[in-house]
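Structural overview for review
The lines below spell out each chain.
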Amino acid sequence: MTTQADGAKRWLAQVYVSLKPGVNDPQGLAVRDGLHMLGYAEVDGVRVGKYLTLTLNAPDKATAEARVTAMCEQLLANPVMERYEFQVSEADGKAQPRGEE
Amino acid sequence: MTTQADGAKRWLAQVYVSLKPGVNDPQGLAVRDGLHMLGYAEVDGVRVGKYLTLTLNAPDKATAEARVTAMCEQLLANPVMERYEFQVSEADGKAQPRGEE
Amino acid sequence: MQVTAELLKEVGLSADEYGLIVEKLGREPTQVELGMFGAMWSEHCGYKNSKPLLKRFPTEGPRVVQGPGENAGAVDIGDGLVAVLKIESHNHPSAVEPYQGAATGVGGIVRDIFTMGARPVALLNSLRFGPLDEARNRYLFSGVVGGIGGYGNCLGVPTVAGDIFFDPAYSGNPLVNAMCVGIARRDEIMRARASGPGNLVLIVGADTGRDGVGGATFASVEDPEASHRGVVQVGNPFLEKLLLEACLEVLKTPHVVAMQDLGAAGLTSSTVEVASRGGVGIEIDVAKVPRRETGMNAYEVMLSESQERMLVVVRPDGLDAVRAIFEHYDLQCAVIGVVTDDGLVRVRDGDKVVAEVPTTLFTDECPTYVREGIESTKIAELRARDVLAVPDLAEHGDLTASAALLRLLGSPNIGSREPVTRTYDSTIMTNTVVPPRVGDAAVIRVKGTTIGLAIKTDCNPRYVYLDPYLGGAHAVAEAARNVSCVGAEPVAVTDCLNFGNPERPEIYYQLSRAIDGMSDACRALGVPVVSGNVSLYNESGSEAILPTPTVGVVGRLADVRRHVGMAFVEGGGVYLVGALQATLGGSEYLALIHGQVAGAPPSLDLELEAAVQRAVRDAIAQGLAAAAHDTSEGGLAVALAESCIAGKIGGRFDVSAVLAANGGRRDVALFGEAASRVLLQAPPGGEAALEAHLQERGVPFQRLGTAGGDGFEIEGHLALPLAEVVRAWRGALS
Amino acid sequence: MQFGVITFPGSNGDHDALSAIELGLRQPVEPVWYRETNVSRFDALVIPGGFSYGDYLRAGAIARFAPVMEAVARFAAEGGPILGICNGFQILTEAGLLPGALLRNKGLSFVSDWVHVRVESNRTRWTAGLTPGDVLRMPIAHGEGRYYADSETLERLEANGQVVFRYVDAAGNVTPEADPNGSANAIAGIANEQGNVVGLMPHPERAYDALLGSDDGLKILSAVLQAGIDAATARV
Ligand SMILES: Nc1ncnc2c1ncn2[C@@H]1O[C@H](COP(=O)(O)OP(=O)(O)O)[C@@H](O)[C@H]1O
Ligand SMILES: [Mg+2]
């Protein structure tokens with residue numbers, strides 16, 4: 001956890017974007033069929049979405065969450081066919097979001 | 001939570017696949033630049049991965065986890081450039097994975 | 001069922017139309033029937049405003065094998081083969097979700113082609129957007145281009161040509177027109193006409209979901225955002241590829257009676273259309289339709305627009321063989337009904353009959369409207385404006401000829417399309433002889449023959465706006481001219497009429513006059529209209545788009561090796577074929593430099609047009625030409641620059657004769673636009689032969705200079721290093 | 001020489017490979033459906049381009065498990081020549097028959113263009129007749145063609161002469177502009193250690209006729225033919 005000179009802290013946001021219910025997901029269907037081909041007959045449904053990790057600076061968690069919400073609404077998810085969820089936690093002080101340490 | 005006739009239960013697996021550290025992620029860079037252009041200057045890093053949701057039947061959680069691990073190793077992630085994490089929880093009894101209720 | 005005004009609005013029917021349904025049916029329609037009438041009597045399916053006008057198109061000719069009325073048109077191209085062609089709009093879905101809207105547009109047009117038993121061999125796209133300095137327009141543009149490439153590339157059909165135009169009138173209402181060309185054996189064409197009571201009706205391909213329920217109705221009202229409540233359609237090109245291969249294989253068997261893709265209004269229109277064309281009845285059971293979701297009712301199943309589905313009518317004794325082929329391709333197929341002889345479309349949901357309507361009620365009895373068109377006085381005034389009131393180019397200052405040229409080359413309406421075409425696979429199928437950007441039209445070869453096909457879409461919507469009759473004629477002339485410029489003889493037209501709300505007299509006027517102009521040009525150039533599509537109600541915030549009758553032309557080369565591109569070669573003499581007079585009316589120059597869309601568009605002498613095109617393509621076929629390029633937006637100077645850029649070579653040109661013919665106006669000579677004009681280059685040393693040919697044909701021509709060097713010079717007007725010209729042109733779309 | 005071209009659901013370069021071999025190379029060739037389990041009747045195999053299984057999840061990820069792939073692996077182990085083109089290359093890396101992986105292009109979008117590649121090694125069955133330094137012109141058409149391998153693997157590939165093709169400009173020089181997708185070391189194609197399995201992103205099968213812009217691709221297809229003829233002659 002780092003605190004910047006200006007009092008801002010670094011946060012890690014994990015954003016999960018998935019297709020809205022009812023929207024056709026050809027990729028999910030193909031992965032499901034692929035798993036069946038490999039013998040994983042117990043799988044009955046697959047949906048494929050996006051997993052984004054962001055690091056950002058914000059004075060507190062509430063601000064970070066508000067900003068990430070705005071980013072999701074504006075850019076990260078396509079409101080016509082997608083929905084999103086996210087979690088914000090304190091970043092561990094490293095320069096890059098998880099996935100690039 | 002449903003229990004099937006054969007004693008199997010339905011589980012929801014949420015799988016997160018991301019690029020290994022050090023693997024260049026042009027898509028993450030493009031999203032970061034897009035966020036900067038929209039005025040989110042506080043974002044300093046973005047990585048883009050996949051978020052898969054699977055529903056599967058298994059007698060218990062440990063079995064479900066073992067099966068999902070095998071699916072990830074075999075198909076869902078490519079160890080040359082990706083890594084994965086997942087969570088297994090009880091499915092809420094609906095026929096489709098989250099995202100298709 | 002309580003029929004309220006709201007309910008009628010939802011299904012897109014007027015109170016009068018509802019009254020007509022009750023009268024003809026002799027009872028109130030059921031909910032499912034009402035939804036089906038709404039779809040079938042929409043403009044999109046029923047053509048209620050455009051049908052009387054479309055009758056004006058010439059649709060016959062010696063090569064026509066299938067005219068309008070089927071899934072696509074077909075023309076004979078020799079060697080026992082036909083080219084199958086069709087263009088279609090996906091404007092409204094693309095406004096809502098640009099990537100998927102455009103992708104499913106491509107998917108739909110490809111199905112129209114292979115439904116006819118033809119293998120799709122080329123894709124084109126004609127696009128219109130608002131200016132790229134608005135973020136929303138950039139989003140639409142990149143989404144649409146991404147979707148077109150995403151679908152076509154995966155399918156493995158090359159995208160070989162198209163056109164793109166920007167104007168503020170398309171903000172909020174982009175146009176996405178996709179065209180496909182296929183090839184079939186003449187004697188193997190399949191038609192979508194059900195026959196033989198007792199024959200089985202199959203649905204093949206994707207499961208049915210709630211995707212786009214009400215799409216056909218939605219394409220026929222203004223303001224897509226507000227009216228679209230269904231789930232966005234997501235295309236699956238992977239599945240379409242399997243469907244394509246399986247359908248072509250199934251059509252080689254003797255078991256198939258008819259095939260029809262499920263497009264707008266899904267099962268409703270496909271069942272009604274195969275029954276109506278065949279003059280029979282049809283009965284289906286929605287309970288037998290495989291679903292992607294639980295809890296769907298009959299109404300939703302009948303109106304779902306889930307993609308990648310086909311309706312196939314087979315003889316019962318062929319069912320197993322047909323099923324085996326689909327299964328080979330991992331495709332599910334379900335028997336959902338039978339052909340009947342009672343002339344009714346009957347829909348069951350298990351034991352219950354939920355709709356039962358005489359087939360002809362949906363089709364022949366669909367009301368048509370002949371409206372009165374009145375020209376907008378505002379547009380008449382714009383046309384009458386004196387465009388020469390603007391100041392001419394100056395020797396010094398901001399408005400020099402070189403500054404204007406560089407600005408025009410950097411205009412999104414003129415500059416390089418490479419950022420777009422580079423994302424489209426144009427070489428797959430190993431037929432592409434002239435890929436995008438290399439010639440005025442694309443050329444593909446027909447394997448196993450010496451034949452080539454040249455294809456291009458075009459429409460200058462400013463011309464149509466300022467003068468719908470003339471503009472409509474120009475659209476046909478320009479598309480055909482592009483095809484002639486690679487050496488092909490234009491043989492067929494497909495068109496997509498993109499207009500605003502036809503219930504407004506000034507829009508109806510545009511539609512009606514544009515069709516007249518197109519029809520006259522088609523007649524004069526000897527190219528029949530064999531297929532097409534109508535997209536009305538293209539408005540946002542009560543502003544209509546520019547009237548845009550997109551024209552796709554297919555041409556034929558007897559020997560595909562005898563073609564040329566637009567690139568100048570070192571040392572060849574360059575000629576301007578056609579008249580020397582041009583005008584600033586409706587020009588890109590006037591719009592870009594002086595901010596005016598005004599004046600009368602260039603005049604069009606159809607006889608001269610035909611003669612110029614014939615002279616040009618014959619010169620190419622006889623090996624007398626090294627390059628050809630028509631002069632369109634940006635005029636003569638821009639066309640010369642484009643051919644130099646393509647050839648990576650400079651040139652020195654003298655336009656004094658053109659200047660004299662235009663009363664000494666430099667702006668008109670350099671950047672004025674005109675029809676029936678083509679830059680034609682002789683191979684080095686071939687000047688005399690080319691001149692003799694042009695003389696013999698009696699078409700006007702003028703030598704302008706020679707290509708060579710690394711400078712671009714128009715004597716007395718401008719001189720620029722070629723590299724600077726290239727730079728300006730490259731940056732247009734970035 | 002009998003060629004086989006494997007078709008997976010979603011392959012779309014299969015017809016082109018068949019045409020190139022039949023019309024360009026004038027050799028017998030047969031399509032192989034992905035459910036087949038025996039490919040021993042062939043002298044050489046081509047895994048063509050396209051979008052097998054829609055390229056969903058990762059390009060080639062699902063196809064590598066298709067029934068025919070076990071036979072392909074056996075064919076490779078026995079030294080049979082295999083050429084993976086574009087999606088075929090992706091499938092071979094996913095299957096572990098070639099090292100590394102192919103990631104999304106650096107520019108993020110699909111790229112369709114003509115490129116030049118330099119032959120780096122003629123110690124493979126598919127480049128045997130060629131001279132290192134030869135420049136070939138071929139089309140590319142892919143969205144995921146950025147070759148990636150960890151630095152150890154890259155060093156090993158370079159040291160072993162397993163880098164077969166590199167993106168260059170028309171004059172044969174490696175330049176940043178000449179690399180269309182951001183591949184490590186500008187790698188356009190590689191071979192396995194034995195040199196019988198080669199994968200490349202450009203499309204030799206689309207460059208078999210000068211009318212289409214180039215017939216350089218035939219040089220690769222005829223190399224394996226010549227190698228086969230030489231081997232047969234040696235046996236006699
Ligand atoms: N959307 C597009 N898709 C594919 N090719 C295109 C597209 N737009 C333009 N092109 C290609 O770019 C070149 C120039 O097109 P265009 O500017 O319309 O020419 P012209 O105005 O002379 O008819 C042509 O080869 C054309 O086919
Ligand atoms: Mg044009």
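Let us look at the structure shown here.

Parameters and conventions
- Residues numbered from 1 in each chain as written.
- Chains lettered and ligands numbered in written order.
- Predicted model: local features only at pLDDT ≥ 70, side-chain atom pairs only at ≥ 80, totals over all residues.
- Heavy atoms only, no water.
- Contact = heavy atoms within 4.5 Å.
- Buried area = accessible area lost by both parts, 1.4 Å probe.
- Salt bridge = Lys/Arg side-chain N within 4 Å of Asp/Glu carboxyl O.
- Polar contact = N/O pair within 3.5 Å; in protein donor to acceptor, adjacent residues only side chain to side chain.
- Helix = DSSP H or I, 4+ residues; strand = E, 2+ residues; numbered from the N terminus.
- Nonpolar A, V, L, I, M, F, W, Y, C, P; charged D, E, K, R; others polar.
- Pairing = 2+ DSSP bridges.
- Near = heavy atom within 4 Å.
- Areas by Shrake-Rupley, 256 points an atom, 1.4 Å probe, with all protein chains shown as cover.
- Axes fitted to C-alpha atoms, helices over the stretch in contact; angles between N-to-C directions.
- Phe/Tyr/Trp six-rings, centres within 6.5 Å; stacked < 30°, edge-to-face > 60°.
- Buried < 20%, exposed > 50% of the residue type's maximum accessible area, 1.4 Å probe, protein only.
- Least-squares fit on C-alpha atoms with pLDDT ≥ 70 in both.
- Lys, Arg positive; Asp, Glu negative; His and termini not counted.

In this complex, chain B contributes 44 residues to the contact, which on the side of chain A involves 45 residues. Contact with chain A buries surface across chain B, with Glu42(B), Arg47(B) and Tyr51(B) losing the most and accounting together for 18% of the total. Viewed at the interface, chain A and chain B are joined by four salt bridges. A salt bridge links Arg67(A) to Glu42(B), with the shortest nitrogen-to-oxygen separation between them at 2.3 Å. Here chain B is connected to chain A by 17 residue pairs in polar contact (both at pLDDT 80 or more). Among the elements of the structure, strand S1 (9-19), helix H1 (26-37), strand S2 (43-58), helix H2 (61-76) and strand S3 (82-90) of chain B are those that each provide at least two residues to the side of chain B that touches chain A. Here the element with the most residues in the side of chain B that touches chain A is S2(B); it accounts for 15 residues. Its residues assigned to classes, the side of chain B that touches chain A comprises 22 nonpolar, 10 polar and 12 charged. Taken together, the 13 bridges between strand S2 (residues 43-58) of chain A and S2(B) define a ladder with antiparallel strand orientation. Across the sheet, Val43(A) pairs through a bridge with Leu56(B), a residue of S2(B).

Residues and elements named next belong to chain C. Residues in contact with ligand 1 amount to 19 residues; listed here are only the nearest, Asn125, Gly162, Arg437, Lys456 and Asn482. Take Asn125: an N or O atom from its side chain is 2.7 Å from a nitrogen atom of ligand 1. A distance of 3.2 Å separates an oxygen atom of ligand 1 from a polar backbone atom of Gly162. Surface burial for ligand 1 is 91%, taken as the share of its 560 Å² of free accessible area covered by protein chains. Mapped by element, the contributors of at least two residues to the shell around ligand 1 are strand S5 (159-166), strand S16 (452-458), helix H20 (468-484) and strand S23 (627-630). With four residues, S5 is the single largest residue contributor to the shell around ligand 1. Of the residues in the shell around ligand 1, the class split is four nonpolar, seven polar and eight charged.

A separate point is the interface of chain A and chain D. Between chain A and chain D, the residue contacts involve seven residues of the former and six residues of the latter. Of the roughly 620 Å² buried between chain A and chain D, counting both surfaces, carbon and sulfur atoms make up 83%. The largest per-residue losses of area from chain A upon contact with chain D belong to Gln27(A), Met37(A) and Leu38(A), which jointly make up 59% of the total buried on that side. Between chain A and chain D we count zero salt bridges in total. One can count one residue pair in polar contact (both at pLDDT 80 or more) joining chain A with chain D. Of the residues in the side of chain A that touches chain D, the class split is five nonpolar, two polar and no charged.

Both trends apply: most residues other than glycine have a negative phi, and most peptide bonds are in trans. Residue and element names in this part refer to chain C. Of note in this structure, Asp79 is not a glycine but carries a positive phi near 55°. Topologically, Asp79 is positioned in the loop between strand S2 (73-78) and strand S3 (81-89). One non-glycine residue, Lys648, lies in the positive phi region at around 50°. Mapped onto the fold, Lys648 is located in the loop between helix H24 (635-647) and strand S24 (651-653).

All names here are of chain D. Spatially, the nine strands line up as an open sheet ordered S2-S1-S3-S4-S11-S10-S9-S6-S7, and their pairing is mixed. For this open sheet the edge positions go to strand S2 (29-33) and strand S7 (135-142), each flanked by a neighbour on one side alone. Averaged over all pairs of adjacent strands, the angle between their axes in this sheet comes to 25°, without regard to strand direction. As defined by bridge partners, strand S10 (residues 187-191) adjoins strand S11 (residues 197-200) across three bridges and the pair is classed as antiparallel.

Attention shifts here to the pattern of salt bridges. All names here are of chain C. All chains considered together, the criterion is met by 57 salt bridges over all chains. Here Glu283 and Arg348 are joined by a salt bridge, their closest N and O atoms 2.7 Å apart. Of this pair, Glu283 sits in strand S9 (residues 281-285) while Arg348 sits in strand S12 (residues 344-349), and the two are 65 residues apart along the sequence. One salt-bridge network, held together by shared partners, links Arg210, Asp211, Arg292, Glu293 and Glu300.

Applying the stated rule across the entire model yields 20 aromatic pairs over all chains. Measuring from centroid to centroid gives 5.7 Å for Phe141(C) and Phe166(C), while their planes differ by 65°, and the two rings are edge-to-face. Highlighted residues: Phe141(C) in helix H8 (residues 135-155) and Phe166(C) in strand S5, separated in sequence by 25 residues. Side by side, Phe141(C) and Phe166(C) carry an identical accessibility label, which is buried. When the ring of Tyr329(C) is compared with that of Trp33(D), the centres are 5.5 Å apart and the planes differ by 70°; the resulting orientation is edge-to-face. Taken together, the residues Tyr329(C) in the loop between helix H14 (319-328) and strand S11 (333-340) and Trp33(D) in strand S2 connect one chain to another. You can call Tyr329(C) buried: its relative accessible area is 10%. These aromatic residues form a ring-pair network of at least three members: Phe238(C), Tyr329(C), Trp33(D), Tyr34(D), Tyr53(D) and Tyr56(D).

Let us now look at the environment of Met566(C). All names here are of chain C. Relative to the elements of secondary structure, Met566 occurs in the loop between strand S21 (548-557) and strand S22 (573-577). Residues Met566 and Asp398, spaced 168 residues apart in sequence, show a C-alpha to C-alpha distance of 31 Å. Setting aside its immediate chain neighbours within four residues, Met566 contacts Arg437, Val438, Gly439, Asp440, Ala627, Ala628, His629, Glu642, Ser643 and Ala646.

Attention shifts here to the relation of the copies chain B and chain A. Between chain B and chain A, the superposition needs a rotation of 180° and an axial shift of 0.0 Å, giving an RMSD of 0.2 Å. Expressed as a symmetry operation, the mapping of one chain copy onto the other fits a two-fold axis.

With that settled, the discussion passes to the pairing of strand S1 (residues 9-19) of chain A. All names here are of chain A. Across the 11 residues of S1, 10 count as buried, placing the element largely inside the fold. By the bridge criterion, nine bridges tie S1 to S2 in an arrangement that is antiparallel. By the bridge assignment, Lys9 is partnered in S2 with Ala58. Note: S1 against strand S3 (residues 82-90), nine bridges, orientation antiparallel. Each bridged residue has a counterpart across the sheet, and for Leu12 the counterpart in S3 is Ser89.

This part is about the side chain of Arg417(C). Residues and elements named next belong to chain C. Of note, Arg417 is situated in the loop between helix H17 (401-409) and helix H18 (418-421). Look at Arg417: it is buried, it has no salt bridge, and the nearest opposite charge is Glu633 at 7.6 Å. Of the polar contacts made by the side chain of Arg417, one reaches the backbone oxygen of Pro412; its length is 2.9 Å. When sequence neighbours within four positions are dropped, the list of residues in contact with Arg417 reads Ile164, Pro412, Arg437 and Leu733.

On to the sheet that holds strand S26 (residues 701-707) of chain C, then. Residue and element names in this part refer to chain C. Here seven strands make up an open sheet; going across it, the order is S23-S25-S22-S26-S24-S27-S28 and the pairing mixed. Edge positions in the open sheet fall to S23 and strand S28 (718-721), since each of these has one partner strand only. On average, each strand axis in the sheet is tilted by 20° relative to the strand beside it, whichever way the strands run. Of the pairings in the sheet, the one linking S24 to S26 comprises three bridges and is antiparallel in character.

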